[in-house]
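The chain contents come next:
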Amino acid sequence: MATAAAEPEETVESIVTDVSETPHDWDVSKADIYVEDRWQPIFREMRETAPINKITGSGFGDYWNVTTLKPIQHVEALPDIYSSSFEYGGITIGDELDDIPEEFRFQLPMFIAMDRPKHTEQRRTVAPAFTPAEMKRLDDDIRQRTAEILDELPRGETFDWVDKVSIELTTQMLAILFDFPWEDRRKLTLWSDWAGDVELANDPAMVEERIKHLYEMAAYFKELWNQRLDGPEAPDLLSRMIHSEAMRDMDDFEFMGNLVLLIVGGNDTTRNTMSGYAYGLEQFPDQRAKLEQDPELIPNAVQEIIRWQTPLAHMRRTALSDHNLFGHEIKQGDKVIMWYLSANRDESVFERPDEIIVDRENARRQLSFGYGIHRCVGARLAELQIRILLEEMAKRRLRVNVTGEPERVRACFVHGYRSMDVELSEY
Ligand code: HEM
């Protein structure tokens with residue numbers, strides 16, 4: 001894990017720009033450009049001409065765009081200057097609380113949106129659930145469930161890959177992680193959808209409904225918690241929390257917040273990588289053929305697909321003090337948006353970045369999991385689940401053929417697909 005990096009010695013001239021010349025259409029907080037899949041040239045232009053620039057007067061207020069790999073890693077390596085804390089606005093571009101009536105305002109504390117030292121303590125509690133040894137333990141179960149789903153998929157007819165495969169597999173993975181009652185597992189999907197929708201959180205009309213679902217989730221988990229309270233130490237996530245110093249005495253809000261983090265954190269992201277696998281390889285049939293001929297390429301292809309899809313388009317930080325970021329005067333209180341979606345297309349790091357190249361040498365440099373002290377704690381589990389999907393597809397010599405344009409998510413945070421019609425064939 002990275003610790004705070006030293007200040008950069010050199011000033012990178014090419015990334016200093018006059019922000020007054022920033023074109024209007026660089027406001028990449030607009031959800032339309034993602035639902036219409038036309039974000040690529042906008043970020044490319046920024047990377048070429050002004051990789052760090054400031055947008056004023058957007059629907060989310062003023063914010064800095066950081067669009068290339070090196071400055072994003074730099075920001076993430078300075079967590080004492082660039083805060084993740086919910087107290088200053090948290091980790092997404094929306095400030096969430098502005099439009100919500102006072103009585104419904106609550107922001108859930110969760111460790112992704114905390115700074116040190118509390119972040120460190122809570123992260124330490126859940127991190128052992130994601131060690132290589134734990135992944136080995138979960139491998140068989142996840143593989144068997146994945147195989148069952150693939151064997152039940154319709155052959156020779158169109159179906160929705162997002163619902164039947166991406167959502168189902170991800171939900172099962174989370175149920176295994178929490179040792180959640182199997183028959184109720186789709187509740188995890190429902191709660192995750194309600195909790196994770198940033199746009200919804202800003203809609204006063206929907207806030208009450210959302211809170212209702214969150215309380216239902218908390219009550220359900222509380223019951224499980226109580227059932228396991230006197231039980232032996234077990235490897236599921238709830239038992240780990242129960243038996244930990246840092247998390248056993250969480251108040252109700254913190255309990256809810258951290259559940260939401262683990263459920264949402266693992267859900268949309270892994271789901272959209274699985275959908276990105278189907279859609280992405282359809283765009284690059286020569287690469288699909290290469291992968292089909294050589295299954296040894298699967299682990300690298302997993303990294304490449306995660307890079308190409310980038311399931312979370314951005315994370316946000318808030319400056320706690322003035323700071324010169326490669327020649328740009330960031331002021332205390334400024335909102336800094338790190339666009340992973342763009343950094344993963346950084347031409348100075350990735351050759352022909354818009355293409356999927358399954359044997360790309362440096363696919364592992366992808367930034368989809370972030371960097372530094374908040375780097376995704378569930379990354380190994382996500383990689384495992386996606387690798388198993390690709391391996392089980394290869395064993396069955398199954399190919400996904402996308403039969404129409406998918407419906408995309410309208411958001412500048414979660415980057416993915418709502419539905420995608422496909423047909424399976426064998427090769
Ligand atoms: C392809 C799938 C995934 C992607 C792209 C992804 C992406 C991310 C990103 C970008 C961050 C923030 C990093 C930063 O601020 O530097 C993060 C943090 C986190 N993720 Fe993931 N994630 C994925 C899967 C998962 C899974 C499967 C889980 C757990 C079940 C999970 C749980 C978390 C948690 C708990 C954090 C907070 C870590 C911290 O603040 O220390 N994620 N993830």
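These figures come from a predicted structure and were not determined experimentally. (Residues numbered from 1 in each chain as written. Predicted model: local features only at pLDDT ≥ 70, side-chain atom pairs only at ≥ 80, totals over all residues. Heavy atoms only, no water.)

1. Description of the overall build of the protein chain
Phase 1: On a plain count of helices and strands, the protein chain comes out with 15 helices and 12 strands.
Phase 2: The buried share of the protein chain, reckoned over its 427 residues, is 57%.
Phase 3: Contacts spanning at least 24 positions in sequence make up 74% of the contacts within the protein chain whose residues lie at least 6 apart.
Phase 4: Carbon and sulfur atoms make up 47% of the accessible area of the protein chain, which totals about 18200 Å². (Helix = DSSP H or I, 4+ residues; strand = E, 2+ residues; numbered from the N terminus. Buried < 20%, exposed > 50% of the residue type's maximum accessible area, 1.4 Å probe, protein only. Contact = heavy atoms within 4.5 Å. Areas by Shrake-Rupley, 256 points an atom, 1.4 Å probe, with all protein chains shown as cover.)

2. Observations regarding the packing of helix α5 (residues 132-152) against helix α15 (residues 379-395)
Phase 1: Interhelical geometry of α5 versus α15 gives an angle of 40° and a closest axis separation of 9 Å. Taken as axis vectors, α5 and α15 run oblique relative to one another. In this structure, the crossing between α5 and α15 has a hand that is right-handed. Contacts from Pro132, Met135, Leu138, Asp139, Ile142, Arg143, Thr146, Ala147 and Leu150 in α5 reach Arg380, Leu381, Leu384, Gln385, Arg387, Ile388, Leu389, Glu391, Glu392, Met393 and Lys395 in α15.
Phase 2: Residues belonging to the contact of α5 with α15 are distributed by class as follows: 11 nonpolar, two polar and seven charged. (Axes fitted to C-alpha atoms, helices over the stretch in contact; angles between N-to-C directions. Parallel < 35°, antiparallel > 145°, perpendicular 65-115°, else oblique. Left-handed = near helix turned anticlockwise from the far one by under 90°. Nonpolar A, V, L, I, M, F, W, Y, C, P; charged D, E, K, R; others polar.)

3. Brief notes about the environment of arginine 186
Phase 1: The topology assignment puts arginine 186 in helix α7 (residues 186-196).
Phase 2: Classification of arginine 186 as partly exposed rests on a relative accessible area of 37%.
Phase 3: In sequence terms arginine 186 and glutamine 172 are 14 residues apart; their C-alpha atoms lie 8.7 Å from each other.
Phase 4: Setting aside anything within four residues of it in sequence, one finds arginine 186 in contact with Asp163, Ile167, Glu168 and Thr171.

4. Thoughts on the packing of aromatic side chains
Phase 1: If you walk through the whole model with that rule in mind, you get 13 aromatic pairs.
Phase 2: Look at phenylalanine 180 and tryptophan 191: their rings are 6.1 Å apart centre to centre, the planes differ by 85°, and that puts the pair in the edge-to-face class. Of this pair, phenylalanine 180 sits in the loop between α6 (161-178) and α7 while tryptophan 191 sits in helix α7, and the two are 11 residues apart along the sequence. Neither residue differs from the other here; phenylalanine 180 and tryptophan 191 are each classed as buried.
Phase 3: Three or more aromatic residues link up through ring pairs in this structure, and these residues are Phe178, Phe180, Trp191, Tyr220 and Phe221.
Phase 4: Lying over the aromatic face of tryptophan 182, arginine 145 brings its terminal NZ or CZ to 3.8 Å of the ring centre.
Phase 5: Taking NZ or CZ as reference, lysine 222 lies 5.7 Å from the ring centre of tryptophan 225, over its face. (Phe/Tyr/Trp six-rings, centres within 6.5 Å; stacked < 30°, edge-to-face > 60°. Lys NZ or Arg CZ within 6 Å of the ring centre and 35° of its normal.)

5. Examining the site of the ligand
Phase 1: Lining the immediate surroundings of the ligand are 32 residues, of which Glu76, His119, Arg123, His374 and Cys376 lie closest.
Phase 2: Glutamate 76 has a polar side-chain atom sitting 2.5 Å from an oxygen atom of the ligand.
Phase 3: One of the side-chain N or O atoms of histidine 374 is found 2.6 Å from an oxygen atom in the ligand.
Phase 4: At the level of elements, α4 (118-126), α6, α11 (252-283) and β5 (314-319) are the ones that each hand at least two residues to the shell around the ligand.
Phase 5: With seven residues, the top contributor of residues to the shell around the ligand is α11. (Near = heavy atom within 4 Å. Polar contact = N/O pair within 3.5 Å; in protein donor to acceptor, adjacent residues only side chain to side chain.)

6. A short note on the pattern of salt bridges
Oppositely charged side chains can pair when the atoms bearing their charge come close.
Phase 1: One pass over the full model with this rule turns up 35 salt bridges.
Phase 2: Of the charged contacts in the structure, one is a salt bridge between arginine 44 and aspartate 354, with a shortest N-O distance of 2.9 Å. Of this pair, arginine 44 sits in helix α2 (residues 40-49) while aspartate 354 sits in the loop between α14 (340-343) and α15, placing them 310 residues apart in sequence.
Phase 3: Between lysine 212 and glutamate 209 there is a salt bridge, with the nearest N and O atoms lying 3.9 Å from each other. Within this pair, lysine 212 and its partner glutamate 209 are both found in helix α9 (residues 204-229), separated by three residues, close to a single helical turn.
Phase 4: Classification of glutamate 209 as partly exposed rests on a relative accessible area of 32%. (Salt bridge = Lys/Arg side-chain N within 4 Å of Asp/Glu carboxyl O.)

7. Overview of α2
Phase 1: If you check which residues of α2 are buried, you get Gln40, Ile42, Phe43, Met46 and Arg47. One side of α2 carries all its buried residues, which in axial view fall inside an arc of 165°.
Phase 2: Against the buried residues of α2 lie α1 (32-35), β1 (52-58), β2 (61-66), β8 (335-339) and α14. (Arc of directions from axis to C-beta.)

8. Details of the side chain of threonine 171
Phase 1: Considering the arrangement of structural elements, one finds threonine 171 in helix α6.
Phase 2: Judged by relative accessible area, which is 1%, threonine 171 ranks as buried.
Phase 3: Among the polar contacts made by the side chain of threonine 171, one reaches the main-chain carbonyl oxygen of isoleucine 167 at a distance of 2.7 Å.
Phase 4: Residue contacts for threonine 171: discarding those within four places in its chain leaves Arg185, Arg186, Leu188 and Thr189.

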